[in-house]
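Okay, here's what each chain looks like letter by letter:
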Amino acid sequence: QRQMCIRDRVSSRLKGEPGSKVKVTVEHLDGSTETVTLQRERISIPGVPYTGWVADGIGYIKLGQFARTTFDEMQASLDTLRAQGVTKLIFDLRGNSGGYLDQAIMVANEFLHKDQLIVYTEDRQHKQLREYADGTGAAQDMDVVVLIDEGSASSSEILAGALQDNDRGTIVGRRS
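Residues numbered from 1 in each chain as written. Predicted model: local features only at pLDDT ≥ 70, side-chain atom pairs only at ≥ 80, totals over all residues. Heavy atoms only, no water.

(A) Local environment of the overall build of the protein. Helix and strand counts for the protein stand at 4 helices and 9 strands. Along the protein, helices and strands appear, N-terminal first, in the series α-β-β-β-β-α-β-α-β-β-β-α-β. Across its three principal axes, the protein shows a C-alpha extent of roughly 60 × 50 × 30 Å. Across the 176 residues that make up the protein, the buried fraction comes to 34%. (Helix = DSSP H or I, 4+ residues; strand = E, 2+ residues; numbered from the N terminus. Buried < 20%, exposed > 50% of the residue type's maximum accessible area, 1.4 Å probe, protein only.)

Okay, structure coming up:
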């Protein structure tokens, strides 16, 4: 049996039903301790934690994860950036370990032209299911640079690969 790291042990003890309470003892640098009671709450982590304007005509969107609302958050971010005159985009997928595949497909669709392949899956009988862009994406005219690293995985790799394979984006960073 593998021993859990301390971070995982602490995390598992802090998790629980929203509204329930947990006592935590904190040791300060001077050696004194303090016990506090925390009330657990549901924590929602945004799919797009940051959007910003980088330079003249260049915007930045950090995609932290592919959650259920990532596509809607990304669309809202794009609308904001376009209103600021952005025509080029830096998509930051560093540390994005993936999430909902349908969200990655919808994000890719925003940038790809009609009938460009986004992704295909293959089952054990070698039957393929292919997902193509439908041509309705609002960002088909934007230049895109995608930042990735060793923490970019799963849906992040699908998005980055779809943009690169269809000559719609340049990938920059470390191997995912």
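(B) Representation of the sheet that holds strand 3 (residues 50-55). Spatially, the 5 strands line up as an open sheet ordered 3-4-5-8-9, and their pairing is mixed. Where the open sheet ends on each side, the last strands, each with one partner, are strand 3 and strand 9 (169-173). With direction set aside, neighbouring strand axes in the sheet form an average angle of 20°. Sheet topology note: the strand 5 (residues 88-92)/strand 8 (residues 143-148) ladder contains 5 bridges and is parallel. (Pairing = 2+ DSSP bridges. Axes fitted to C-alpha atoms, helices over the stretch in contact; angles between N-to-C directions.)

(C) Quick peek at the pattern of salt bridges. Going through the model one piece at a time under the given rule, you end up with 5 salt bridges. Of the charged contacts, one joins Lys 62 and Asp 92 as a salt bridge, the two residues approaching to 3.8 Å between their closest N and O atoms. Placement of Lys 62 in strand 4 (residues 58-62) and of Asp 92 in strand 5 is noted, with a sequence separation of 30 residues between them. Across the pair Arg 82 and Asp 141 runs a salt bridge, and its minimum N-O distance is 2.7 Å. Placement of the pair is Arg 82 in helix 2 (residues 70-83) and Asp 141 in the loop between strand 7 (128-132) and strand 8, with a sequence separation of 59 residues. A relative accessible area of 56% places Asp 141 in the exposed class. Among the ionic contacts, a cluster of salt bridges with common partners joins Lys 62, Asp 92 and Arg 94. (Salt bridge = Lys/Arg side-chain N within 4 Å of Asp/Glu carboxyl O.)

(D) The arrangement of unusual backbone geometry in detail. Backbone geometry places His 126, a non-glycine residue, at a positive phi of 65°. With respect to the element layout, His 126 can be found in the loop between strand 6 (117-122) and strand 7. For Asp 167, which is not glycine, the phi torsion reads 55° and is therefore positive. When you line up the elements, Asp 167 lands in the loop between helix 4 (155-165) and strand 9.

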